[in-house]
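This is what each chain is made of:
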Amino acid sequence: MISLIAAYGKKREIGLNNNLLWHIPADLKNFVKYTKGKPIIVGRKTFESFKSPLPGREHLVLTTNEDYKYEHEQVKIFNSVQDIMSYVEEKSFPEVVVCGGAKIYDLFFPFCDLLYLSEIEWSGEADTYFTNYDLAGFEVAEQKVYEETEKTPKWTFKIYKKHS
Ligand SMILES: NC(=O)c1ccc[n+]([C@@H]2O[C@H](COP(=O)([O-])OP(=O)(O)OC[C@H]3O[C@@H](n4cnc5c(N)ncnc54)[C@H](OP(=O)(O)O)[C@@H]3O)[C@@H](O)[C@H]2O)c1
């Protein structure tokens, strides 16, 4: 199964200067909860935005650069969506999570059956946006509202499942 995890603002903002836009500890906790122990698919830019590979997750990194190298047992480099899909099918992973960025979400959304989405009540400068996908084929399986605090905006976490 392929799933997708993303956090986006009111105008669907997801990033600026290859960084995230907010620091919401409970959302990061959710990110860890839903990705740890699973392979993750990331674009080269998102991968490079991490200080180092995220522990306990195999990183499947997509780049057009055939010479791109990253020596780490938890990192595998791919040059096409098809190569990633073949690898995922060959390994029969129970779940693989698409972790962005924008380009990678667009490429893999058609394969996703499960979406972990954080809708953040925040708006501001950004240079990367989450596409307004048609979710007609999905239903909300879980939803939790997190109220605004002194340090964090209000946000809603939703899990969408594709209709069977
Ligand atoms: N809020 C969130 O949930 C969230 C999640 C993830 C990321 N982000 C943010 O999003 C931003 C990064 O996203 P992004 O959209 O700019 O970049 P990205 O999707 O992470 O990476 C784009 C790169 O992926 C590679 N790529 C794209 N399509 C490809 C294809 N068809 N075949 C082979 N390689 C391909 C290319 O790498 P090469 O240039 O090496 O060829 C391309 O430059 C950052 O600000 C990050 O913090 C936010």
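Up top you'll find the structure we're talking about.
Predicted, not measured: the structure shown is a model, and the values here were computed from it. (Residues numbered from 1 in each chain as written. Predicted model: local features only at pLDDT ≥ 70, side-chain atom pairs only at ≥ 80, totals over all residues. Heavy atoms only, no water.)

**Describing the overall build of the protein**
- Along the protein, the regular secondary structure elements total four helices and ten strands.
- Beginning at the N terminus, the succession of helices and strands in the protein can be written as β-β-α-β-α-β-β-α-β-α-β-β-β-β.
- Against the compact-globule benchmark of 15 Å for 164 residues, the protein has a radius of gyration of 16 Å, which places it among compact chains.
- For the C-alpha atoms alone, the extent of the protein along its principal axes is close to 45 × 40 × 25 Å.
- Looking at the protein as a whole, 46% of its 164 residues qualify as buried.
- For the protein, the accessible surface area stands at approximately 9400 Å², while carbon and sulfur atoms represent 48% of it.
- Charge separation in the protein, taken as the distance between the mean sites of 21 positive and 24 negative side-chain charges, equals 4 Å. (Helix = DSSP H or I, 4+ residues; strand = E, 2+ residues; numbered from the N terminus. Rg over C-alpha atoms; globule rule 2.2 N^0.38 Å. Buried < 20%, exposed > 50% of the residue type's maximum accessible area, 1.4 Å probe, protein only. Areas by Shrake-Rupley, 256 points an atom, 1.4 Å probe, with all protein chains shown as cover. Lys, Arg positive; Asp, Glu negative; His and termini not counted. Charge placed at Lys NZ, Arg CZ, Asp CG, Glu CD.)

**Remarks on the packing of aromatic side chains**
- A complete count under the given rule lists 13 aromatic pairs for this structure.
- For the ring pair Phe78 and Tyr87, a centre distance of 5.4 Å and an interplane angle of 50 degrees mean the geometry is tilted. Pair check on accessibility: Phe78 and Tyr87 agree, each one buried.
- Look at Phe130 and Tyr133: their rings are 5.2 Å apart centre to centre, the planes differ by 80 degrees, and that puts the pair in the edge-to-face class.
- Judged by its relative accessible area of 12%, Tyr133 is buried.
- Site record: aromatic cluster; members linked through ring pairs are Tyr8, Tyr105, Phe109, Phe130, Tyr133 and Phe138. (Phe/Tyr/Trp six-rings, centres within 6.5 Å; stacked < 30°, edge-to-face > 60°.)

**Digging into helix H3 (residues 81–91)**
- All of the buried residues in H3 are Ile84, Met85, Tyr87 and Val88. Here the buried residues of H3 occupy an arc of 160 degrees about the axis, which is enough to place them on one side. In H3, the exposed positions that point more than 90 degrees away from the buried face belong to Gln82, Glu89 and Glu90.
- Buried residues along H3 sit in contact with strand S1 (2–8), strand S3 (40–43), strand S4 (59–62), strand S5 (75–78), strand S6 (96–98) and helix H4 (102–108). (Arc of directions from axis to C-beta. Contact = heavy atoms within 4.5 Å.)

**Quick look at helix H1 (residues 25–35)**
- Listed as buried for H1 are Asp27, Asn30, Tyr34 and Thr35. Buried residues in H1, looked at end-on, bunch into an arc of 110 degrees, giving them a common side. For H1, the exposed residues set more than 90 degrees away from the buried face come down to Lys29 and Lys33.
- Directly beyond the C-terminal end of H1, a positive phi value near 85 degrees is found at Gly37.

**A closer look at the nonpolar core**
- With 28 residues, the main nonpolar core has Leu4, Val98 and Phe130 as its most contacted residues.
- Elements supplying a minimum of two residues to this core: S1, S4, H3, S6, H4 and strand S7 (114–120).
- Grouped together as the second largest cluster of nonpolar side chains are 24 residues, Ile24, Phe47, Phe50 and Val75 included. (Core = buried A, V, L, I, M, F, W, Y, C linked by side-chain atoms within 4.5 Å.)

**A look at the site of the ligand**
- Taken together, the neighbourhood of the ligand is formed by 26 residues, with Ala7, Arg44, Thr46, Thr63 and Thr64 sitting nearest.
- A distance of 2.6 Å is found between an oxygen atom of the ligand and a side-chain nitrogen or oxygen belonging to Thr46.
- Contact between the ligand and Leu62: an oxygen atom at 3.5 Å from a main-chain N or O atom of the residue.
- When the ligand is considered free in solution it has 930 Å² of accessible area, and contact with the protein chains removes 84% of it.
- Elements represented by at least two residues in the shell around the ligand include exactly S1, strand S2 (13–15), helix H2 (44–49) and H4.
- The biggest single contributor to the shell around the ligand is H4, with five residues.
- Residue composition of the shell around the ligand, by class: eleven nonpolar, twelve polar and three charged. (Near = heavy atom within 4 Å. Polar contact = N/O pair within 3.5 Å; in protein donor to acceptor, adjacent residues only side chain to side chain. Nonpolar A, V, L, I, M, F, W, Y, C, P; charged D, E, K, R; others polar.)

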